[in-house]
Amino acid sequence: MSFSMSENSLEERTVEVSGIPNEVEDEFLGLFFENKRRSGGGVLASLHRQGSRAVLIFEDAEVAKRVLSRGTHMLHNAKLTVRKPTPKDPGKVLLHGMNASTAKEVMELFVENVTKLDSTEYLMYPSPGRDMFLVQFQQPLSEQEFKRLADKVRKRLLDGARIEAEQVERTDSVIVEGLRSTTTEDMLALYFENKRGGGEEVRDVTMVADGMARVTFEDWEAVDRILQRSHKLDGRDLSLRPYFDFLLPGESPASPSTPNGTEEVPTDGTGHANGTGHSDGTGDLYTDTLGCDTTREDLTNNTREMYPDSPKVYSSNILLHDPVKLNLLQCSHLLQELQQGHQDFGIQIVGNGVQISGPSQLTSEQLKQRILEVLSGIAQAHLPFSTEKVLFLSRSEVQESLQKSLEQEGMLATYTVSDCAVTVTALTIGMVKQASSLLKSLLCDFTIPITTEYECMLFSDEWPKFLSSLSLCSVKVSEQGDEINVVTLRGQEEETRSKIEFFLSNPVQQESVITMEPGMLRYLQTHCHMLLADMNQVTILPLEGEDITGLRLHGQANACQAADELLRNVVASVHTRTITLQHPGVARFLVEEQGTSILNQIQTKFEVVISLERVHWVPLQTEDIFEDAKKFTPPPSFERHPSADTESLTNTDEQTNDLNRPETGLLEEAKKLISVIRKDSHELPDTASSPPGTAAAGISMDEDLYTDQLLPLSSSDNEDSLAEMEETPGLTMEGESEGAVGEDPELNYVKQLSMESLHVDGVLEEDAQLSLAIQFSMQNNSDPMDDEDELQKVLELSRKTAGQGRTSGTSELDQALVLSIQDAIKAAHTAQILVYAGYNTDLIRVDIALGKKTELKQCKETIESKCLKNLSEHHRNCMALIERKHAVDITIQGTTATVQGFKEYVLEAVPDMNKLVNYISATVPDPDILQSVQWVWYKEPSNAVPYPPKATIYIEHAWKQKQKKIDIVFDKQPCTISFEKMEEYNIASGKTLPIARKQLSSMDIYSDVTEW
């Protein structure tokens, strides 16, 4: 979506670019940021460049945001940095336009009058020329406050001058004054980064003059914080002010008359001193220029330090506005000669001028006049060149090469390029003429005609890269496109010509990859095969790997680029749509033979490609749904009858709690130590290699030695433990995770993760408790029998904790398995297919056709039975597995079960539903069980305690189903009941209780139960 320029503010459309190489021309820079594919840019409203920086203004603010979002850009192997324009500083206002003779006290009264603020609420910084004042407020101004202030300032006259107010950009630097001559840049940086100086991060420190430095911070907000503090370094109070160019000496025009003896040379209005201009008849204009100001000062603090024994020291300054002239003066060795002839004077270049300091005012004036004589002889020549040559001469490497040539000829001359003009500057007019002639002779230009066979190379992506590799030359294609114009230096024309001709006659091989979805690739291969065959100038290879899908192009650069653009346009023109079908079993139907046949017919009829990459169906491999459903049902939890005496089951727990209370801290430290030791060894106990029974409990072989001594087991117990491990859902004999439902990979993966997490936690806990017990036994000097008792307590606590961990982990695992089944059922009932077509109307027709075809294949069957009213969790899990196996939807309403889906799948699911109904119908009602059977456990051989009614029902059902053992939870403690041994084993306490089944009536009410 685009907006007009009037709808976007200038700030939102502006982007600052830095790090631009000198060889990059403005035109090429603009083309780069107007290319959306390379820079994310768009149409430029303006481009203003200054050295390695440029300010871009786009016509659309969205384009500017897109360019800024990329952060950095690569151009000619250089990294370009883009950022938003520097914001305005709401706490600073620049007042300009006043008379230089206006006193500072008058300006303070003026500011107080227009702002209605006290003098303590702002600071004022005058410029060296006194024609500008920077006002820094303690409180920032809002936009409305600044507008009101600007209006007040504009309406009032001060000494006959109309003053203007404007906001300045934020600065990240400050000027520090009052420094000792021994203070270095490193000392200043350390001071400001120290808490004593503000603790701000310093980016750079530059010595501007004696006793003055510029400090630049990483964050511009640091400037305000630094200015609010007082600073002292090396025993001197420092004076700080914000850094702005107009506040530095020599940056502003000198005032016409000042009390300190400033002498201004009359200028011609261009910043240069008036001189006699004349032409030599060649069109080159030569001018004698000076362009400097002179200042005399008496006995400054700096000169006193330089000459402590002198009663009086005089200082004179010559300020030069033109850095070119200052550079020429430095290269002329004049200052070195004067210094050697006057050892008691200091003559040096400071900032943008020359400083002369010495004990004699007369000699100081003589030295100044000598320097002014040399400066007055500096002349300039403006050379007429074409635009191409001017741009070529402005490049840094060209300037460096030509400057060396001038130095080799012994000429103290230089040239500058500004506003498409070349200006040569030298110490004398004669030297300017010689330098101008030399520059003209060193430039060389020629043309190369473009033939038809080479024309395509000029539009390849390799052409800009080739141009950037050429040094000391400028290459541009003519507007007619029939020739190449080259500008270079004398002596390099043949080499440059041969490089360009070689590039044009030897096309570069290029390779590109167009990535796309698998369905899009099939569409191109099926319906665009003639187009692909016609691209015989490049090699096209399909990519159909798991990591990438698309087309690989290889060939000549121009042909490869053209084919790449064409194919990308073709891909963009293909219409796509995601069609979602929601019918019971639709995912299974589409991937099987009958659904695939329908899809092929639709693809042929409407000339489309249908992709099933987002359709997921994995068949469920299971033989016995009812047995597998038990794996999803967590062990039930019961509370023993309140009247039952549970002291025998909780005795060990109380001992464990007594042990835990005083040693809690030591136990946690032991756990941390065990964890660190295992992390260092990068391994955990290998349960796969441990004997059955120990691996499941997370106990190492060393722990079994202690366990065997404290809890001896008979040979039959060991066999039962092996049988228990084999029958535990989710664990094999090797300790590997086993799927809850046959070979279903999704369920196996979920269960494996849960069991691994449970095992690692249990191993760490038990190792920590065992280590603590051993430490007690080694350190305690009490009776050995007491030590063994303490170790026994800790081992009992370890078994209890491990048992609770297994119960919690099993519950979470069961929930994960149930969720996995439900997700698989939802996936089977929904199918998202991708359709690729040449026309949008074909997508609509395919959507309608698929909906009709799948709707016609739907059917439903009903099953009536009273037993469907009350279904247990186990029965619902059985029904969920039937839905998952056959990809159908089963709903229960009252006594009716409705099986819905595709006809073939419904007919497969109905027999399994009938089998489930028969099983539920044959189950004896719970009240009849309680009237005829009672299950009890024995605290003592003669003391039988009945199980709770619900537990009795659960145990009786398991017994009649001929299960060997079951898992059950009593009072939140995991237990197992073995019907072969007729005993209950408490996993937490490690105790075993006998159990029995009592027949309350002589009639066997289970005689008609169907065996599974």
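Conventions and cut-offs
Residues numbered from 1 in each chain as written. Predicted model: local features only at pLDDT ≥ 70, side-chain atom pairs only at ≥ 80, totals over all residues. Heavy atoms only, no water. Helix = DSSP H or I, 4+ residues; strand = E, 2+ residues; numbered from the N terminus. Buried < 20%, exposed > 50% of the residue type's maximum accessible area, 1.4 Å probe, protein only. Contact = heavy atoms within 4.5 Å. Areas by Shrake-Rupley, 256 points an atom, 1.4 Å probe, with all protein chains shown as cover. Pairing = 2+ DSSP bridges. Axes fitted to C-alpha atoms, helices over the stretch in contact; angles between N-to-C directions. Parallel < 35°, antiparallel > 145°, perpendicular 65-115°, else oblique. Left-handed = near helix turned anticlockwise from the far one by under 90°. Nonpolar A, V, L, I, M, F, W, Y, C, P; charged D, E, K, R; others polar. Core = buried A, V, L, I, M, F, W, Y, C linked by side-chain atoms within 4.5 Å. Expected span 1.5 Å × (residues − 1). Arc of directions from axis to C-beta. Patch = residues over 30% accessible without salt bridge, like charges linked within 9 Å, V, L, I, M, F, W, Y side chains within 5 Å. Salt bridge = Lys/Arg side-chain N within 4 Å of Asp/Glu carboxyl O. Lys, Arg positive; Asp, Glu negative; His and termini not counted. Charge placed at Lys NZ, Arg CZ, Asp CG, Glu CD.

Peer 1: I'd love a proper account of the overall build of the protein, names of residues and values included.
Peer 2: Helix and strand counts for the protein come out as 35 helices and 45 strands. A buried classification covers 43% of the 1012 residues belonging to the protein. Considering only contacts in the protein between residues 6 or more positions apart, those separated by 24 or more positions represent 69%. For the protein, the exposed surface amounts to about 53,100 Å²; the carbon and sulfur share of it is 49%.

Peer 1: Describe the sheet that holds strand β36 (residues 830–837), naming the residues involved and giving the relevant values.
Peer 2: Spatially, the three strands line up as an open sheet ordered β33-β36-β34, and their pairing is antiparallel. Since the sheet does not close on itself, it has two edges, and those belong to β33 (575–582) and β34 (609–611), each with one partner. The sheet shows a mean angle of 25° between the axes of neighbouring strands, direction not considered. Here β33 runs beside β36; their pairing, made up of eight bridges, is antiparallel. Its bridge partner being in β36, H575 is matched across the sheet by A837.

Peer 1: Before we move on, can you summarise the packing of helix α4 (residues 104–115) against helix α5 (residues 143–155) with the specific residues and values?
Peer 2: Interhelical geometry of α4 versus α5 gives an angle of 130° and a closest axis separation of 9 Å. By the angle between their directions, the pair α4 and α5 is classed as oblique. For the element pair α4 and α5, the recorded crossing hand is right-handed. Residue-level inspection shows F110, V114 and T115 of α4 in contact with α5, the latter providing L149, K152 and V153. Among the residues forming the contact of α4 with α5, the class breakdown is four nonpolar, one polar and one charged.

Peer 1: I'd love a proper account of the environment of M132, names of residues and values included.
Peer 2: Inspection of the secondary structure assignment puts M132 in strand β8 (residues 132–137). Spatially, the C-alpha atom of M132 lies 9.8 Å from that of E164, the residues being 32 residues apart in sequence.

Peer 1: Describe the nonpolar core, with residues and values.
Peer 2: The biggest cluster of nonpolar side chains holds 53 residues, and the ones touching the most others in it are V846 and M913. Counting residues in each nonpolar core, the second largest holds 27 residues, with A381, M411, V424 and V432 among its members.

Peer 1: A description of helix α13 (residues 396–408) should follow, citing residues and the corresponding values.
Peer 2: With 13 residues, α13 should reach 18 Å at 1.5 Å per residue; the first-to-last C-alpha distance of 18 Å fits that figure. The complete set of buried residues in α13 reads V398, L402 and L406. End-on, the buried residues of α13 take up no more than an arc of 70°, which puts them together on one face. What points out from α13, more than 90 degrees from its buried face, is the exposed set E407 and Q408. In the stretch just after α13, G410 is the one whose phi turns positive, near 75°.

Peer 1: Outline the sheet that holds strand β43 (residues 973–978), supporting the account with residue identities and numerical values.
Peer 2: As summarised here, the arrangement of the seven strands in space is β35-β42-β43-β44-β45-β40-β41, forming an open sheet in which the pairing is mixed. Two strands close off the open sheet at either side, each with one partner strand: β35 (637–638) and β41 (943–946). One ladder, built from five bridges, connects strand β40 (residues 933–940) with strand β45 (residues 992–999); its direction is antiparallel. Residue pairing in the sheet places W937 in a bridge with I995 of β45.

Peer 1: Describe a positive patch on the surface, and please don't skip the residues or the numbers.
Peer 2: Together, K116, R148, K152 and R156 make up a positively charged patch on the protein surface. Examined against the element boundaries, K116 turns out to sit in the loop between α4 and β7 (122–126). A relative accessible area of 60% means that K116 is categorised as exposed.

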